[in-house]
Amino acid sequence: MATTFTASKSELMQSAQDRFASTFTDPGWTTRQKLALTCRALFDAGHDSGLAGQITARAEQPGSYYTQRLGLGFDEITEDNLLVVDEDLNVLAGDGMANPANRFHSWIYRARPDVQCIVHTHPFHVAALSMLEVPLTVSHMDTTPLYDDCAFLAKWPGVPVGNEEGEIISAALGDKKAILLAHHGQIVAGASVEEACSLAVLIERAAKLQLAAMAAGTIQPLPEQLAREAHDWTLTPKRSQANFAYYARRALRRHPDALTQQGA
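As the structure is a prediction and not an experimental result, all values here were calculated from the model.

Looking at the overall build of the protein
Working step 1: Scanning the protein from terminus to terminus reveals 8 helices and 8 strands.
Working step 2: By the compact-globule yardstick of 18 Å for 264 residues, the protein fits well, its C-alpha radius of gyration being 19 Å.
Working step 3: Along the longest, intermediate and shortest principal axes, the C-alpha atoms of the protein span 60 × 45 × 35 Å.
Working step 4: Nonlocal contacts in the protein, meaning residues at least 24 apart in sequence, comprise 70% of its contacts between residues at least 6 apart.
Working step 5: When the accessible surface of the protein is split by element, carbon and sulfur atoms take 55% of a total near 12,800 Å².

Regarding the layout of surface pockets
Working step 1: Here the largest pocket defines a volume of roughly 430 Å³.
Working step 2: Looking at the largest pocket, it is lined by 20 residues, and the ones nearest its centre are Asp142, Ser198, Leu202, Arg205 and Tyr247.
Working step 3: Those elements giving two or more residues to the lining of the largest pocket turn out to be helix 6 (193-216), helix 7 (224-234) and helix 8 (237-254).
Working step 4: For the lining of the largest pocket, the leading source of residues is helix 6, giving 9 residues.
Working step 5: For the lining of the largest pocket, a count of residues per class yields 9 nonpolar, 5 polar and 6 charged.

Overview of the pairing of strand 1 (residues 54-58)
Working step 1: In terms of burial, strand 1 is largely enclosed, as 4 of its 5 residues are buried.
Working step 2: The pairing of strand 1 with strand 5 (residues 117-121) spans 4 bridges and is antiparallel. Residue Thr56 lies in a different strand from strand 5, and its bridge partner there is Ile118.
Working step 3: Pairing between strand 1 and strand 2 (residues 64-67): 3 bridges, direction antiparallel. If you follow Ala57 over to strand 2, its bridge partner there is Tyr66.

Things to note about the UniProt feature "domain: Class II aldolase/adducin N-terminal" (unreviewed entry) in the protein
Working step 1: Cross-referencing UniProt, the feature "domain: Class II aldolase/adducin N-terminal" (unreviewed entry) maps to residues 33-211 in the present numbering.
Working step 2: In residues 33-211, helix accounts for 32% and strand for 20%; the two terminal C-alpha atoms are 34 Å from one another.

With respect to the pairing of strand 6 (residues 150-153)
Working step 1: Bridge count between strand 6 and strand 7 (residues 178-181): 4 bridges; the pairing is parallel. Counted as the bridge partner of Leu153 is Leu181 from strand 7.
Working step 2: Regarding the hand of the β-α-β motif, the stretch spanning strand 6, helix 5 (residues 163-173) and strand 7 is right-handed.

A word on helix 5
Working step 1: Turning to helix 5, its buried residues number three or more, namely Glu165, Gly166, Ile169, Ser170 and Leu173. Along the axis of helix 5, the buried positions cluster into a sector of 120°, meaning they face one direction only. Residues of helix 5 that are exposed and point more than 90 degrees away from the buried face comprise Glu164 and Ala171.
Working step 2: Phi for Gly174, located one or two positions after helix 5, is positive at around 60°.

Description of the packing of aromatic side chains
Working step 1: Across all of its chains, the model carries 3 aromatic pairs by this definition.
Working step 2: Judged by centre distance (5.8 Å) and plane angle (85°), the ring pair of Trp29 and Phe244 falls under edge-to-face. Of the two residues, Trp29 is situated in the loop between helix 1 (9-23) and helix 2 (31-44) and Phe244 in helix 8; the sequence distance between them amounts to 215 residues.
Working step 3: With 5.6 Å between their ring centres and 45° between their planes, Tyr246 and Tyr247 make a pair best called tilted.
Working step 4: Since its relative accessible area comes to 38%, Tyr246 is described here as partly exposed.

So, a nonpolar patch on the surface
Working step 1: Taken together, the side chains of Trp156, Val159 and Val161 make up a nonpolar region of the molecular surface, amounting to roughly 300 Å² of accessible area.
Working step 2: With respect to the secondary-structure elements, Val159 resides in the loop between strand 6 and helix 5.
Working step 3: The class of Val159 is exposed, set by a relative accessible area of 55%.

Examining the packing of helix 2 against helix 6
Working step 1: As a packed pair, helix 2 and helix 6 sit with axes 10 Å apart at the nearest point and diverge in direction by 5°. The angle between helix 2 and helix 6 places the two elements in the roughly parallel class. For the pair formed by helix 2 and helix 6, the contact residues are Lys34, Leu35, Thr38, Ala41 and Leu42 on the first element and Val193, Glu194, Cys197, Ala200 and Val201 on the second.
Working step 2: A class-by-class count of the residues in the contact of helix 2 with helix 6 yields 7 nonpolar, 1 polar and 2 charged.

Quick look at the sheet that holds strand 6
Working step 1: If you trace the 8 strands from one edge of the open sheet to the other, you get 4-3-2-1-5-8-7-6, paired in mixed fashion. The open sheet is flanked by strand 4 (91-93) and strand 6, the only strands paired with a single partner. The mean inter-strand angle of the sheet, taken between neighbouring strand axes irrespective of direction, is 25°.
Working step 2: Bridge analysis of strand 3 (residues 83-86) against strand 4 gives 2 bridges, and the strand direction is antiparallel. Within strand 4, the position partnered with Val84 by the bridge is Ala93.
Working step 3: Here helix 5 sits on the sheet and contacts strand 6, strand 7 and strand 8 (185-190); the angle it forms with strand 6, its principal contact strand, is near 140°.

Cut-offs used in this document
- Residues numbered from 1 in each chain as written.
- Predicted model: local features only at pLDDT ≥ 70, side-chain atom pairs only at ≥ 80, totals over all residues.
- Heavy atoms only, no water.
- Helix = DSSP H or I, 4+ residues; strand = E, 2+ residues; numbered from the N terminus.
- Rg over C-alpha atoms; globule rule 2.2 N^0.38 Å.
- Contact = heavy atoms within 4.5 Å.
- Areas by Shrake-Rupley, 256 points an atom, 1.4 Å probe, with all protein chains shown as cover.
- 1 Å grid on protein atoms, 1.4 Å probe; cavity = no way out; pocket = protein on both sides within 12 Å on 5 of 7 lines; lining within 4 Å.
- Points joined across faces, edges and corners; volume = space filled by probe spheres on them.
- Nonpolar A, V, L, I, M, F, W, Y, C, P; charged D, E, K, R; others polar.
- Buried < 20%, exposed > 50% of the residue type's maximum accessible area, 1.4 Å probe, protein only.
- Pairing = 2+ DSSP bridges.
- UniProt positions renumbered as here; feature names shortened; annotations may be inferred.
- Right-handed = clockwise from strand over helix to strand, strands pointing away.
- Arc of directions from axis to C-beta.
- Phe/Tyr/Trp six-rings, centres within 6.5 Å; stacked < 30°, edge-to-face > 60°.
- Patch = residues over 30% accessible without salt bridge, like charges linked within 9 Å, V, L, I, M, F, W, Y side chains within 5 Å.
- Salt bridge = Lys/Arg side-chain N within 4 Å of Asp/Glu carboxyl O.
- Axes fitted to C-alpha atoms, helices over the stretch in contact; angles between N-to-C directions.
- Parallel < 35°, antiparallel > 145°, perpendicular 65-115°, else oblique.

Here it is, written out as structure tokens:
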């Protein structure tokens, strides 16, 4: 006999969140493995732009983080060829050098202790939208994890290899989860690798939807209260973990070489 037909929406949402938390378990991947899987998943999602873009995650030593080696594409990253660098981009572990554009990652990590992973890419639709110098518009249920959580840098500061760009970008990002950079691309600053990967996939979809809607007519806004409810409902650690696990499984089927330690 059904017992939930008189329950309120808030009660049903809380019950679902409780079941979600107990149902989905952590696969146990290391940070290195999650970062390698993120590179492969985002490559498959259209974030590849030659050697442009960086994906980083805080490493165990304070003031250090994992990143890919300059010269390797996202589809070539494995858990073993990632570098560990300090805030000055000196290599602490691994062979090769980091992308000099990683400097603004150091600025974001310093400004945002809550950020554990940064994804910066130039996917096609995000890049196209950035050329119009308009902010990201979140007007669909699927993209509400980014509702009022994507900043906009309207003025391009140039190639981001200097400290000036680090200051500008970290200040423009503020306390948001993401930022659209005019004439450039996107940055996601996630509370976990799982969250950063999920939001990076989502921001490209949001840009694609926005461009299609703009071509057809005028985008109508979401009701603010419901949009914020959807943002909070969809942007939880467990949901990000479940999203990431799906992207990772799909990436592993296509790129089994991403992980070199079997049984992970």
